[in-house]
Amino acid sequence: MATKHEQILSFIESLKVGNKISVRQIAKELHVSEGTAYRAIKEAENKGLVSTIERVGTIRIERKQKENFENLTFAEIVSIVDGQVLGGREGLYKTLNKFVIGAMKLDAMMRYTEKDSLLIVGNRTEAHELALKEGAAVLITGGFDTDENAKRLADEKKLPIISTSYDTFTVAAMINRAIYDQLIKKEIVLVGDIYTKDEETYYLSTKDTVSKWHEWEEKTTHSRYPVVDDKKKVVGIVTSKDVIGKKEEMRIEKVMTKNPLTVMKETSLAYAAHMMVWEGIEIMPVVDQHHHLEGLISRQDVLKALQHIQKQPQVGETIDDIVSNYFEHTTNDPHKTTFEAEITPQMTNQLGTLSNGVFVSFVIEAASSLLRQQKKGDLVVENITVYFIKPIQLETKVVFQPKIIDIGRKSAKIDVEVYHERKMVGKAMLMAQLIDR
């Protein structure tokens, strides 16, 4: 039997895209308390089923596909530019294909304005109406309003007219930044991208006996299985260690390890790898919000996927990408590896000196590069101690000298010294776990 929470989520999923919902309405229709309705709506928002827009309300939306990340909806534009919807609310969940800046004569502007685009323009009412007739939405900059005719046309055609107090240049920069951030998100691989679904995996029930474990092992040659209760919630994990010397008729719930570590589909792959390497876990159950089993990930699959990601070109630039792009190997001396980097304006703090966070990224990049060079694999930082000795100025060249102090099969200690014009400006000590390539 589904819980009230699950019933509300199913109800929300069954609604048509564009439907408006409220806590009060759901509480009334499904005979639940407003608190229960509120919690379920919040979870639906986290899952990308609904979105709440100021002055508009909570609306059922289409869940965004990973390959569709470059496209923004008009609702997302409202949120990015802190806008106000003047008309055409029903079209907020349409996707825009491109945006046009209306800083030209009317006929020239209309040549670029096409169906499903967004015209960014000031208080030119004629342009607002022409764009809507062409099937384009309108974003009015400078905080201006439009006339009633344009608003009526927007409602008719289900195309939003949005007003924002920002100027055109700022709005274009904000939208570009949002698209760029979406592209970075698209590159982040999640557990949901690589996990094996529960129907393709083997698991045991608390009521099964040890003989069932032997049966599965013979069939699959695996020795680890998640254990679920009668509601299919993950309650344990059972491995060969747990069943050695146990009688065949013994119940699985008596031998399993309780409360195993689990991940969700939304967990980043890097986090899952971190947990699996640290804890020495071979498999991890993938669960939903209510701890029901959805599938499995294996350590082997996770590490293979991580290595594949590292070979892929990055589309959006994160701070770490900027750091590695400015990093240059400068010596061929096998006893002394050095790297050089130039400090750009993006890397500085409000005082114009190298930001502490970027400095740490440089230190980790130096240590990683040294290990890669020596074919030791990749590192996951466990602990880092950093000494900022002197501030590092904008547009200066900085030299990083990493040195391995101690290295084992699974971990390494690395010392990194940082110089500017032969004077030490920083120092760091890293302890890291190694991931074999």
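Residues numbered from 1 in each chain as written. Predicted model: local features only at pLDDT ≥ 70, side-chain atom pairs only at ≥ 80, totals over all residues. Heavy atoms only, no water.

1. Concerning the nonpolar core
The biggest cluster of nonpolar side chains holds 28 residues, and the ones touching the most others in it are Leu-354, Phe-362, Phe-400 and Val-416. Elements that contribute at least two residues to this core include exactly helix H15 (319-325), strand S19 (339-342), helix H16 (356-373), strand S21 (397-407), strand S22 (411-420) and strand S23 (423-435). If you tally residues by element for this core, the top one is H16, at seven residues. Counting 20 residues, the second largest nonpolar core, distinct from the first, contains Ile-59, Tyr-93, Leu-118 and Val-171. (Core = buried A, V, L, I, M, F, W, Y, C linked by side-chain atoms within 4.5 Å. Buried < 20%, exposed > 50% of the residue type's maximum accessible area, 1.4 Å probe, protein only. Helix = DSSP H or I, 4+ residues; strand = E, 2+ residues; numbered from the N terminus.)

2. A closer look at helix H3 (residues 34-46)
Compared with an ideal rise of 1.5 Å per residue, which puts 13 residues at 18 Å, H3 spans 18 Å between its outermost C-alpha atoms and is within 8% of the ideal. Regarding H3, the residues found buried are Thr-36, Ala-37, Ala-40, Ile-41, Glu-43 and Ala-44. The arc that holds the buried residues of H3, viewed along the axis, is 160°, so those residues lie on one side. Facing away from the buried side of H3, by more than 90 degrees, are the exposed residues Arg-39 and Asn-46. (Expected span 1.5 Å × (residues − 1). Arc of directions from axis to C-beta.)

3. Topic: the sheet that holds strand S17 (residues 293-298)
Here we have three strands laid out as an open sheet, ordered S11-S17-S16, and antiparallel in their pairing. With one partner strand each, in any of the chains shown, strand S11 (196-197) and strand S16 (283-287) form the two edges of the open sheet. In this structure, S16 lies alongside S17, joined through five bridges in antiparallel fashion. Across the sheet, residue Pro-285 finds its bridge partner in S17, namely Leu-296. (Pairing = 2+ DSSP bridges.)

4. A closer look at the pattern of salt bridges
Within the structure shown, the criterion is met by 14 salt bridges. Where Arg-251 meets Glu-253, a salt bridge forms, and the shortest distance between an N and an O atom there is 2.9 Å. The exposure class of Glu-253 is partly exposed, given its relative accessible area of 31%. Asp-406 is paired through a salt bridge with Lys-413; the nearest N and O atoms lie 3.7 Å apart. Counted as one network, the salt bridges with shared partners bring together Asp-145, Glu-148 and Lys-151. (Salt bridge = Lys/Arg side-chain N within 4 Å of Asp/Glu carboxyl O.)

5. Some details on the environment of Val-78
In this fold, Val-78 is placed in helix H4 (residues 74-80). The class of Val-78 is buried, set by a relative accessible area of 2%. In this structure, the C-alpha to C-alpha distance between Val-78 and Met-431, residues 353 residues apart in sequence, is 45 Å.

6. Description of the pairing of strand S9 (residues 137-140)
Residue alternation in S9 divides its side chains into two sets, Ala-137 and Leu-139 and Val-138 and Ile-140, and both sets are buried. Note: strand S8 (residues 117-121) against S9, four bridges, orientation parallel. Of the residues in S9, the one forming a bridge with Leu-118 is Ala-137. Handedness of the crossover is the feature at issue here: the chain leaves S8, passes through helix H6 (residues 125-133), returns alongside S9, and the resulting connection is right-handed. (Right-handed = clockwise from strand over helix to strand, strands pointing away.)

7. A closer look at the sheet that holds strand S13 (residues 225-228)
Strand order in the open sheet made by the four strands is S12-S13-S14-S15, with mixed pairing throughout. Pairing within the sheet leaves two strands with one partner each, and these edge strands are strand S12 (204-205) and strand S15 (257-258).

8. Some remarks on the packing of helix H2 (residues 23-30) against H3
One way to put it is that H2 packs onto H3 with a least axis distance of 8 Å and a crossing angle of 115°. For the crossing formed where H2 meets H3, the hand is right-handed. Where H2 approaches H3, its residues Val-23, Arg-24, Ile-26 and Ala-27 are matched on the opposing element by Glu-34, Ala-37, Tyr-38 and Ile-41. Residues that form the contact of H2 with H3 fall into these classes: six nonpolar, no polar and two charged. (Axes fitted to C-alpha atoms, helices over the stretch in contact; angles between N-to-C directions. Left-handed = near helix turned anticlockwise from the far one by under 90°. Contact = heavy atoms within 4.5 Å. Nonpolar A, V, L, I, M, F, W, Y, C, P; charged D, E, K, R; others polar.)

9. Focus on the domain arrangement of the chain
The domain boundaries assigned to the chain delineate domain 1 (4-60), domain 2 (74-187), domain 3 (191-308) and domain 4 (319-435). In this structure, domain 2 and domain 4 have C-alpha centres spaced 45 Å apart. (Domains from an automatic or database assignment.)

10. Observations concerning the packing of aromatic side chains
Applying the stated criterion across every chain yields a total of six aromatic pairs. On the numbers, 4.8 Å between centres and 70° between planes, the contact of Tyr-202 with Trp-216 is edge-to-face. Here Trp-216 lies in helix H10 (residues 210-220) and Tyr-202 lies in the loop between S11 and S12, a separation of 14 residues in the sequence. Members of the aromatic cluster, connected to one another through ring pairs, are Phe-327, Phe-339, Phe-362 and Phe-400. Positioned above the aromatic ring of Trp-216 is the side chain of Lys-212, whose terminal nitrogen or guanidinium carbon lies 4.4 Å from the ring centre. (Phe/Tyr/Trp six-rings, centres within 6.5 Å; stacked < 30°, edge-to-face > 60°. Lys NZ or Arg CZ within 6 Å of the ring centre and 35° of its normal.)

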